[in-house]
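A closer look at the structure
So the chains spell out like this:
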Amino acid sequence: MTLEPLLNAPFAIQFHVATVLPAAVLGAILLARPKGTPAHRLLGKIWLVLMVLTSFSTFFIHGINTVGGFSPIHLISIYVIAGSVRAIQTARQRNIRAHRAHVAGMYFGGIVVAGLFTLVPHRVMGMMIFDGTSGLASGLAAALVSMIFVAAGALAIREAGWGQRFNAIFRRR
């Protein structure tokens, strides 16, 4: 593992990483800990700010140029920005089920799914984790990162209640 690709990256990528990494950790903590406490509300506001900053920073990153410098990954940023507004609205309306679904969806899409895209070869995070390492070290790093993404995804799915809804749909048949 090496920090060189990040240190040599444009400011937009450095800013993006500086906001997304704490958002990933804080989001997991918020999903796993008790809800509705004053600490949850404060940390949730910080998490939303980090997620919105992370999302806005992507519009200055054009590593995958699909259409006009943007890619399908930028759709996740739009989803997170709109989801942040909805998460705040539903929390204020005391619609906790909808709030949890929005937050878990933003975490799953904005952290887990988008995070997987960062590991594509020749992207900064992929180069940081996998370049300059032996085959064994690279394999171990890939296994560790995969386990982290699977655990984060499972946490988001659990908190959103998607597993229960999925089971309910298939029990009816």
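This write-up is about the structure you can find in this document. (Residues numbered from 1 in each chain as written. Predicted model: local features only at pLDDT ≥ 70, side-chain atom pairs only at ≥ 80, totals over all residues. Heavy atoms only, no water.)

Quick notes on a nonpolar patch on the surface
There is a patch of nonpolar side chains on the surface, built from Phe11, Phe15, Val49 and Leu53 and spanning about 380 Å² of accessible area. Those elements that place two or more of their residues in the nonpolar patch are α2 (11-32) and α3 (38-58). By the secondary structure assignment, Leu53 is in helix α3. Judged by relative accessible area, which is 36%, Leu53 ranks as partly exposed. (Patch = residues over 30% accessible without salt bridge, like charges linked within 9 Å, V, L, I, M, F, W, Y side chains within 5 Å. Areas by Shrake-Rupley, 256 points an atom, 1.4 Å probe, with all protein chains shown as cover. Salt bridge = Lys/Arg side-chain N within 4 Å of Asp/Glu carboxyl O. Helix = DSSP H or I, 4+ residues; strand = E, 2+ residues; numbered from the N terminus. Buried < 20%, exposed > 50% of the residue type's maximum accessible area, 1.4 Å probe, protein only.)

A word on the side chain of Ser77
Within the secondary structure, Ser77 is located in helix α4 (residues 73-92). Accessibility expressed as a relative area gives 5% for Ser77, which makes it buried.

With respect to the layout of surface pockets
By volume, the largest pocket is sized at about 1100 Å³. Contributing to the lining of the largest pocket are 42 residues, with Val20, Ala114, Gly115, Thr118 and Met125 lying nearest its centre. Secondary structure elements with two or more residues in the lining of the largest pocket: α2, α3, α4, α5 (96-117), α6 (124-130) and α7 (135-160). Here the element with the most residues in the lining of the largest pocket is α2; it accounts for eight residues. Residues belonging to the lining of the largest pocket are distributed by class as follows: 29 nonpolar, twelve polar and one charged. The computed volume of the second largest pocket comes to approximately 650 Å³. What lines the second largest pocket is a set of 21 residues, among which His40, Arg41, Ala87, Ala91 and His99 lie closest to the centre. Of all the elements in the fold, those that place two or more residues in the lining of the second largest pocket are α2, α3, α4 and α5. (1 Å grid on protein atoms, 1.4 Å probe; cavity = no way out; pocket = protein on both sides within 12 Å on 5 of 7 lines; lining within 4 Å. Points joined across faces, edges and corners; volume = space filled by probe spheres on them. Nonpolar A, V, L, I, M, F, W, Y, C, P; charged D, E, K, R; others polar.)

Notes on the packing of α4 against α5
Orientation of α4 relative to α5, taken along the N-to-C sense of each, is 160°, at an axis distance of 8 Å. By the angle between their axes, α4 is roughly antiparallel relative to α5. Here α4 and α5 pass one another in a crossing that is left-handed. Contact residues: α4 offers Ile73, Ile76, Tyr79, Val80, Gly83, Ser84, Arg86, Ala87, Thr90 and Ala91, while α5 offers Ala98, His99, His102, Val103, Gly105, Met106, Gly109, Gly110, Val113, Ala114 and Phe117. In terms of residue class, the contact of α4 with α5 is built from twelve nonpolar, eight polar and one charged. (Axes fitted to C-alpha atoms, helices over the stretch in contact; angles between N-to-C directions. Parallel < 35°, antiparallel > 145°, perpendicular 65-115°, else oblique. Left-handed = near helix turned anticlockwise from the far one by under 90°. Contact = heavy atoms within 4.5 Å.)

What to know about the packing of aromatic side chains
For the structure on display, the rule yields one aromatic pair. Taking the centre distance of 6.1 Å and the plane angle of 40° together, the rings of Phe11 and Phe15 count as tilted. Of this pair, Phe11 and Phe15 are both found in helix α2, four residues apart, which corresponds to roughly one turn of the helix. Here Phe11 falls in the exposed class, since its relative accessible area comes to 63%. (Phe/Tyr/Trp six-rings, centres within 6.5 Å; stacked < 30°, edge-to-face > 60°.)

So, the nonpolar core
The nonpolar side chains of a soluble globular protein tend to be buried with one another. Ala23, Trp47, Met51, Met106, Tyr107 and Ile111 are the most contacted members of the largest nonpolar core, which totals 27 residues. Each residue touching Met106, except ones within four places of it in the same chain, is listed here: Trp47, Leu48, Met51, Tyr79, Val80, Gly83, Ser84, Ala87 and Ile111. Counting nine residues, the second-largest nonpolar core is a separate cluster that includes Leu6, Ile13, Ile61 and Met128. (Core = buried A, V, L, I, M, F, W, Y, C linked by side-chain atoms within 4.5 Å.)

A closer look at α2
Given a rise of 1.5 Å per residue, 22 residues ought to cover 32 Å, and the 32 Å separating the end C-alpha atoms of α2 matches this to within 8%. By the burial criterion, the buried members of α2 are Ala12, Ile13, His16, Val17, Thr19, Val20, Ala23, Ala24, Leu26, Gly27, Leu30 and Leu31. (Expected span 1.5 Å × (residues − 1).)

Let's talk about the environment of Ile46
Counting through the fold element by element, Ile46 comes out in helix α3. Relative accessible area serves as the criterion here: at 38%, Ile46 is assigned to the partly exposed category.

Purely geometric stuff here, so don't read any function into it on its own.
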